[in-house]
Amino acid sequence: MLPNRPSEPVPGDAAPAAEPCAALPPEKRAAVQQAILAWYRAGHRDLPWRRTRDPYAILVSEVMLQQTQVERVIPKYLECLARYPTPAALAAAPRAEVIRAWAPLGYNQRAVRLHEIARQAVERFGGSLPPTMDGLLLLTGIGRYTAAAVACFAYGQPEPVMDTNVRRVLGRIFAADAPRAAEDDRLAWRLAAAALPVRAAASAGAEAGGGKRAGPAAVGAEPGASPPAGDAYDWNQALMDLGATICLARAPRCPVCPVQGWCSARAAWFAADAVQLPLTHDGGPYAGAEGQAGGPARLLVADGRAAYAARSNGAVPARPSRAGRAQARSVKSERFEGSRRWYRGRIVDVLRRLPAGAGMDLASLGREIRPDFHAGQLPWLQELVQALARDGLIEVAEGEGGATVVALPGEQRPAKPAGPAPSPAEPSPWPSPGETEGSAGRA
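Everything quoted here is computed from the prediction, not taken from an experiment.

Reading the values: rules and limits
Residues numbered from 1 in each chain as written. Predicted model: local features only at pLDDT ≥ 70, side-chain atom pairs only at ≥ 80, totals over all residues. Heavy atoms only, no water. Helix = DSSP H or I, 4+ residues; strand = E, 2+ residues; numbered from the N terminus. Buried < 20%, exposed > 50% of the residue type's maximum accessible area, 1.4 Å probe, protein only. Areas by Shrake-Rupley, 256 points an atom, 1.4 Å probe, with all protein chains shown as cover. Expected span 1.5 Å × (residues − 1). Contact = heavy atoms within 4.5 Å. Polar contact = N/O pair within 3.5 Å; in protein donor to acceptor, adjacent residues only side chain to side chain. Salt bridge = Lys/Arg side-chain N within 4 Å of Asp/Glu carboxyl O. Pairing = 2+ DSSP bridges. Phe/Tyr/Trp six-rings, centres within 6.5 Å; stacked < 30°, edge-to-face > 60°. Lys NZ or Arg CZ within 6 Å of the ring centre and 35° of its normal.

Looking at the overall build of the chain
Here comes step 1: Each helix and strand counted, the chain has 18 helices and 5 strands in total.
Here comes step 2: Put simply, the chain has 443 residues, and 54% of those count as buried.
Here comes step 3: For the chain, the accessible area works out to roughly 18,100 Å², and carbon and sulfur atoms hold 54% of it.

Focus: the environment of glutamine 382
Here comes step 1: Within the secondary structure, glutamine 382 is located in helix α17 (residues 378-390).
Here comes step 2: For the pair formed by glutamine 382 and threonine 404, sequence separation is 22 residues and the distance between their alpha carbons is 9.1 Å.

Digging into helix α1 (residues 26-41)
Each turn of an α-helix holds 3.6 residues, which means side chains three or four residues apart point in the same direction.
Here comes step 1: For α1, which comprises 16 residues, the first-to-last C-alpha distance of 22 Å matches the rise-based estimate of 22 Å (1.5 Å per residue) to within 8%.
Here comes step 2: By the burial criterion, the buried members of α1 are Lys28, Arg29, Ala30, Ala31, Val32, Gln33, Ile36, Leu37 and Tyr40.

Considerations on helix α16 (residues 362-369)
Here comes step 1: Where α16 is concerned, the buried positions are Leu362, Ser364, Leu365, Gly366 and Ile369.
Here comes step 2: Looking at the buried side of α16, the elements it contacts are α15 (340-352), β3 (360-361), α17 and β5 (404-407).
Here comes step 3: Looking at where α16 begins, the residue whose side-chain oxygen comes 3.2 Å from the main-chain nitrogen of alanine 363 is aspartate 361.

Some points on the pattern of salt bridges
Here comes step 1: For the structure shown, the criterion picks out 18 salt bridges.
Here comes step 2: With its nearest N and O atoms 3.9 Å apart, the salt bridge here joins glutamate 116 to arginine 119. Here arginine 119 and glutamate 116 lie together in helix α6 (residues 109-125), a separation of 3 residues that amounts to about one turn.
Here comes step 3: Take glutamate 116: its relative accessible area is 27%, and that puts it in the partly exposed class.

Notes on the sheet that holds strand β4 (residues 395-398)
Here comes step 1: Here we have 3 strands laid out as an open sheet, ordered β3-β5-β4, and antiparallel in their pairing. Across the chains shown, the open sheet's two edge strands, defined by having one partner strand only, are β3 and β4.
Here comes step 2: Here β4 pairs with β5 via 4 bridges, running antiparallel. For alanine 397, the partnering residue across the bridge sits in β5 and is valine 405.

A closer look at the packing of aromatic side chains
Here comes step 1: The tally for this structure, following the rule as stated, stands at 4 aromatic pairs.
Here comes step 2: Measuring from centroid to centroid gives 5.0 Å for tryptophan 342 and tyrosine 343, while their planes differ by 75 degrees, and the two rings are edge-to-face. The residues tryptophan 342 and tyrosine 343 share a single accessibility class, namely buried.
Here comes step 3: By way of ring pairs, the aromatic residues Trp342, Tyr343 and Trp380 are connected into one cluster.
Here comes step 4: A cation sits over an aromatic face here: arginine 53 above tyrosine 233, 4.0 Å from the ring centre.
Here comes step 5: The ring of tryptophan 189 is capped by arginine 144, whose NZ or CZ atom sits 4.3 Å from the centre of that ring.

Looking at the pairing of β5
Here comes step 1: Two strands pair when backbone bridges link them, and β3 and β5 are joined in this way by 2 bridges, in the antiparallel orientation. Across the sheet, residue aspartate 361 finds its bridge partner in β5, namely valine 405.
Here comes step 2: Where β4 folds back onto β5 in an antiparallel hairpin, the turn is made up of 5 residues, including glycine 401, whose phi is positive at roughly 70 degrees.

If you want it as structure tokens, here you go:
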């Protein structure tokens, strides 16, 4: 399963591409909107963050959902809101406590980012989140996706919300109408805006807000051809559900898709001259497309774990092959274990298990994260530790005898470094945070 939420380490609104997305055919756009909305309203996933319009609760869910599966997020989301019910409560908590509470979601920097957003909300906005895209983007740690999600899902703003699922769904449906949107983030946002069900009045209001973003009206939306602006919430949620349950990255379930009759990708996949290419041995898209299926095939998208090639005319993605899907899963698993991200997660995991106020010297930390650790690997470990410190996940200080001691942020380090980190009191039903920091995917 692919990540549903994009990671946003750098705040700010990405400027749209100068080249506009091709205007979508009004008849096709309206039919797609109506079919997807009807499908969603007939029955959709009951998720706890869909039962609230609290901006803070929605922010928490969106940050947690980045790179993490829904089933793993739900219990941590409920636990977080019970423990920190408001931005003020989260902001008042020590950062080390927040990092400990984040386990076992992985991608631990999200905990730091959420904590920092809460602090800014308290200091700059009286403990509330701004109700507009421009206001939300003033908060360091909130990027375009998260701002759009909070603006739409909490405040009812007619904003396009584009995550991995939405990008894949729209990229497939409108592949023939916007062929470059699948490979260009800026064009993908323009496509999401063009497909958004918003009447002309709502579009004009979005455009009047400063002109920094490509509003729905900027990409050829026809007045009167779309459902009312209030449908933006259901539309964005519907696209996410469609991508998570039917329009899957590796094995799309086209026969049960509500828009199969309008989908450019499906039409191409079942055409006589469709191309189906596997992944290479290293998980990348197959490069030897020249000459297959009667002509050159142009690569369009490498969607994380499944690669796509185009039909011989270069207009739409080809259906992912079964062999390529299996190979990609194996390559992904092999690459993560022992990777830099894997060791980053293990370091945070070890420090998280220490008693409050304790730290650990580098040599002991090295032995905790890898059994074969030796003195020659100290420079490698020091570099990892310094990077984690820059990200706000740990602190580094000089301990007794000049030894480097590391601890979670704000923890008081003892004069004598702590011994080995204790093992968890009982087995956890979740994977270790250190083993999940680099994992991706949700459904």
